[in-house]
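Results of the structural survey
Read off the chains here:
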Amino acid sequence: MAECCTIPDNDKPDKRKYIPFLLIPLAIVIYVFLDPGVDYLVYNILGLDKTTPLTKAIRFFLYDTPKVMILLTVIVFVVGIIRSYFSPEKTREALEGKPLFIGNIMAATLGIVTPFCSCSAIPLFIGFVESGIPLGVTFSFLVAAPMINEVALVLLFGLFGWQMALLYAATGLLIAIVSGWVIGKLKVERFVEEWVYEIKTGDFQMAEVKVTFHDRIQAGYTAVVDIVSKVWIYIVAGIAVGAAVHGYVPENFMASFMGKDAWWSVPLAVLIGVPLYSNAAGIIPILQALLGKGAALGTALAFMMSTIGLSLPEMIILKKVIKLPLIIIFVSVVATGIMIVGFLFNWIY
Amino acid sequence: MKIEILGTGCAKCHKLEEMVRETVKAEGISADISKVDDIKKIMRYGVMTTPALVIDGKVKVAGKLPSSEEIKQLLGGK
């Protein structure tokens, strides 16, 4: 997908590796003083009237954009370092010979931390199948890896709070585990293209390279350049739309069609969300604003998960190795899981 | 020296090929460079992430774009 195929510039002078560390205290200071600072800027310096929709929108934008960008930079950096301890090859090794249910749990969990991009979905899929990892376990990985990513978690944490981030991660993990397990039970091996089974994979024989902590910091830095340079525009655009919604859309406007009483809003959200491919960066700020206007939590969650977790480009890539019936099964099982989560949360809250 | 670049055609794979060719030229290394696009051949190396750099049949780098400094070292240049 769009998230993977740009070229990071690795040829930076070494000294730059320490810039992120120097910026962390600065980031904390800005983060702490952001709220009063933006208030001061909007009401005192710009002298805007607190009650107008325009002021509400401007304040929302000026506060949320730097907040999310700071969080994003810090967390992507840390996650980049953590990810350098994992690789698809190591994950495969860990999953080999694991029974179905335990395998699903492990695959979904490793899916969060293993560096993965959809453009290597095919070699990864073949690599897993070849080493005898059950299809169900492989799918748990393929559901969790795109759905629970650091960009989504940062935005949820920054805009909704840690509870929402945790809720999203936990339910996403559950969906990945259960859908993989269900797919595993359905005996779908015959829907994998025959040539996949014929491929002979060699043992992975990468030369042992000693990875120093210095290299891992570099990995964190590369991740920041790579990810932030790609998603910032979506974040700014998403927050801008969110700000407009925040200022101009009347209270409870969303209640009638995204509210909890409209039961059909959950399946509709999933139906729209699956073919719609957007990254978390653009979609979450808008949803946050909509939630404030009476949209139901379960509906918003369902929309988010189906947009981020299931995407048309990924299905097209996977179509090369699995046949259409399995793609349909895969999407239906995961979409059903997302809908159950949506209904559940609309019912609880 | 036999150098193979494994990749199914993503931007990073092309970039790696380009970097390797540049390094080989700049360092005056005699090498036979080829790009492997075929997924079946790629899988034979057991690699699950592209781009990958294979030198004399051994996978040296997989799943990331090395810096030109690293490439130089891997190719044995000083």
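Being a predicted model, the structure only gives us computed values, none of them experimental.

**Focus: the overall build of chain B**
A count of helical and extended segments in chain B gives three helices and four strands. In terms of overall size, chain B behaves like a compact globule, its C-alpha atoms giving a radius of gyration of 11 Å where 78 residues would be expected to give roughly 12 Å. For the C-alpha atoms alone, the extent of chain B along its principal axes is close to 35 × 20 × 15 Å. Counting across all 78 residues of chain B, residues that qualify as buried make up 53%. Nonlocal contacts in chain B, meaning residues at least 24 apart in sequence, comprise 65% of its contacts between residues at least 6 apart. Working note: accessible area of chain B is about 3500 Å², and carbon and sulfur atoms make up 45% of it. Distance between charge centroids for chain B: 3 Å, based on 14 positive and 11 negative side chains.

**Quick word on the overall build of chain A**
When helices and strands are tallied, chain A shows 16 helices and zero strands. Evaluated residue by residue, chain A yields a buried proportion of 52% over its 349 residues. Taking as baseline every contact in chain A between residues at least 6 positions apart, the subset at least 24 positions apart corresponds to 85%. Here chain A has roughly 15900 Å² of accessible surface; of this, 71% comes from carbon and sulfur atoms.

**Overview of the sheet that holds strand E1 (residues 2–6) of chain B**
All names here are of chain B. Strand order in this open sheet of four strands is E2-E1-E3-E4, and the pairing throughout is mixed. The open sheet has two edge strands with one neighbour each: strand E2 (32–36) and strand E4 (58–62). The sheet shows a mean angle of 20° between the axes of neighbouring strands, direction not considered. Where E1 meets E2, five bridges bridge the pair, whose relative direction is parallel. The residue of E2 that forms the bridge with isoleucine 5 is lysine 35.

**Looking at the side chain of Thr55(A)**
All names here are of chain A. Take threonine 55: it is sitting in helix H2 (residues 53–83). For threonine 55, the side chain forms a polar contact with the side chain of threonine 52, separated by 2.5 Å. Leaving out residues up to four positions away in the same chain, threonine 55 has contacts with Val42, Tyr43, Leu48, Asp49 and Lys50.

**What about the environment of Ile55(B)?**
Residue and element names in this part refer to chain B. Relative to the elements of secondary structure, isoleucine 55 occurs in strand E3 (residues 52–55). Since its relative accessible area comes to 7%, isoleucine 55 is described here as buried. The sequence separation of isoleucine 55 and isoleucine 33 amounts to 22 residues, and the corresponding C-alpha distance is 9.4 Å. With sequence-adjacent residues up to four places away left out, isoleucine 55 is seen in contact with Met1, Lys2, Lys60, Leu74 and Leu75.

**What about unusual backbone geometry?**
Even without being a glycine, Lys187(A) presents a positive backbone phi close to 55°. Its location among the elements puts Lys187(A) in the loop between helix H8 (162–185) and helix H9 (194–198). You can call Lys187(A) exposed: its relative accessible area is 57%. With phi around 50°, Asp56(B) is a residue other than glycine that occupies positive phi space. By secondary structure assignment, the location of Asp56(B) is in the loop between E3 and E4.

**Remarks on the pattern of salt bridges**
Scanning all chains against the criterion turns up eight salt bridges over all chains. A salt bridge links Lys35(B) to Asp37(B); the nearest nitrogen and oxygen atoms lie 3.4 Å apart. Within this structure, Asp35(A), Asp39(A) and Arg59(A) form a network of salt bridges that share partners.

**Re the confidence of the model for chain B**
Confidence in the prediction for chain B averages 83 pLDDT; 97% of positions are at 70 or higher. Averaged pLDDT values for the elements of chain B fall to 81 in helix H2 (residues 39–44) of chain B and rise to 89 in E1(B).

**What to know about the packing of aromatic side chains**
All names here are of chain A. Tallied over the full model, the rule gives four aromatic pairs over all chains. Geometrically, the ring pair formed by phenylalanine 101 and tryptophan 181 is edge-to-face, given 6.3 Å between the ring centres and 85° between the ring planes. In this pair, phenylalanine 101 sits in helix H4 (residues 100–113) while tryptophan 181 sits in helix H8, placing the two residues 80 residues apart along the sequence. Residue phenylalanine 101 is classed as partly exposed on the basis of its relative accessible area, which comes to 45%. For the ring pair phenylalanine 125 and phenylalanine 139, a centre distance of 6.2 Å and an interplane angle of 65° mean the geometry is edge-to-face.

What counts and how
- Residues numbered from 1 in each chain as written.
- Chains lettered and ligands numbered in written order.
- Predicted model: local features only at pLDDT ≥ 70, side-chain atom pairs only at ≥ 80, totals over all residues.
- Heavy atoms only, no water.
- Helix = DSSP H or I, 4+ residues; strand = E, 2+ residues; numbered from the N terminus.
- Rg over C-alpha atoms; globule rule 2.2 N^0.38 Å.
- Buried < 20%, exposed > 50% of the residue type's maximum accessible area, 1.4 Å probe, protein only.
- Contact = heavy atoms within 4.5 Å.
- Areas by Shrake-Rupley, 256 points an atom, 1.4 Å probe, with all protein chains shown as cover.
- Lys, Arg positive; Asp, Glu negative; His and termini not counted.
- Charge placed at Lys NZ, Arg CZ, Asp CG, Glu CD.
- Pairing = 2+ DSSP bridges.
- Axes fitted to C-alpha atoms, helices over the stretch in contact; angles between N-to-C directions.
- Polar contact = N/O pair within 3.5 Å; in protein donor to acceptor, adjacent residues only side chain to side chain.
- Salt bridge = Lys/Arg side-chain N within 4 Å of Asp/Glu carboxyl O.
- pLDDT = per-residue confidence, 0-100.
- Phe/Tyr/Trp six-rings, centres within 6.5 Å; stacked < 30°, edge-to-face > 60°.

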